[in-house]
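Below, each chain spelled out in residue letters.
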Amino acid sequence: MPLLSIRVTPRSAAPGIGDWQTDPAGRPFLEVRVAAAPADGAANQELIKLLAKGLGLPRSSISIASGQAARFKRLELPLSEAEVRVRLTR
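Fair warning: this is a prediction, and the values are worked out from it, not measured in the lab.

**Q** What exactly am I supposed to notice about the packing of aromatic side chains here?
**A** In this description, an aromatic ring pair is defined by two values, namely the gap between the centres and the angle between the planes. Considering all chains together, one arrives at one aromatic pair under this definition. Taken together, a centroid distance of 5.3 Å and an interplanar angle of 80° make the contact between F29 and F72 edge-to-face. You can see F29 sitting in strand 3 (residues 28-33) and its partner F72 sitting in strand 5 (residues 72-76), a full 43 residues away along the chain. Above the ring of W20, the side-chain terminus of R85 is found at 4.0 Å from the ring centroid.

Take a look at the structure:
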C-alpha cells in the first residue's frame, strides 16, 4: 500500500488540509492542521477523519504506518501521491 508523508499541526484555530511542502532532503509532505490536542490519539483520529473526507475514502482505508506520537507521520492509503494531489485540488 502506498505511503503518504504528513506533517500535523495540532490545536490549530483553522483546521484543514494545507499545501504540499518539501523537507530539507527534498521529500514532499502534506501539511494538515487539526483542532484536537495531541493527547490520547485525538489528533490522529481527527487527521484520519479529515483526510478521509477530503479524499473521498472510508476512514478504515487510512492507517498510520509510523509516527503515532510525532508531528511527521507516514500514512498508508490506497492511493498514490499523484492521485492524492489530484483529489485534493478538486
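**Q** Honestly, the pattern of salt bridges in this entry has me stumped. Any pointers?
**A** Between side chains of opposite charge, a pair can form as their charged atoms come close. Enumeration over the complete set of coordinates arrives at four salt bridges. Notably, a salt bridge pairs R7 with E31, separated by 2.7 Å at the nearest N-O pair. Remark: E31 occurs in strand 3 and R7 occurs in strand 1 (residues 3-9); sequence separation between them is 24 residues. Owing to a relative accessible area of 24%, R7 belongs among the partly exposed residues under this scheme. We note a salt bridge from E81 to R85, for which the minimum N-O separation is 3.0 Å.

**Q** Could you clarify how one ought to interpret the environment of D23 in this entry?
**A** Tracing the backbone shows D23 in the loop between strand 2 (16-22) and strand 3. By relative accessible area, which is 17% here, D23 ends up buried. In this structure the side chain of D23 is engaged in a polar contact, spanning 2.8 Å, whose partner is the backbone nitrogen of R27.

**Q** Is there a simple way to think about the side chain of K73 in this case?
**A** On the secondary structure map, K73 appears in strand 5. Of the side chains with opposite charge, E46 lies nearest to the buried K73, which makes no salt bridge, at 12 Å. A distance of 3.0 Å separates the side chain of K73 from the side chain of N44, its partner in a polar contact. Excluding anything up to four places from it in sequence, K73 contacts L4, S5, I6, V8, N44, L47, I64, S66, G67 and Q68.

Cut-offs used in this document
Residues numbered from 1 in each chain as written. Predicted model: local features only at pLDDT ≥ 70, side-chain atom pairs only at ≥ 80, totals over all residues. Heavy atoms only, no water. Phe/Tyr/Trp six-rings, centres within 6.5 Å; stacked < 30°, edge-to-face > 60°. Helix = DSSP H or I, 4+ residues; strand = E, 2+ residues; numbered from the N terminus. Lys NZ or Arg CZ within 6 Å of the ring centre and 35° of its normal. Salt bridge = Lys/Arg side-chain N within 4 Å of Asp/Glu carboxyl O. Buried < 20%, exposed > 50% of the residue type's maximum accessible area, 1.4 Å probe, protein only. Polar contact = N/O pair within 3.5 Å; in protein donor to acceptor, adjacent residues only side chain to side chain. Lys, Arg positive; Asp, Glu negative; His and termini not counted. Contact = heavy atoms within 4.5 Å.

The analysis is restricted to geometry; functional conclusions fall outside its scope.
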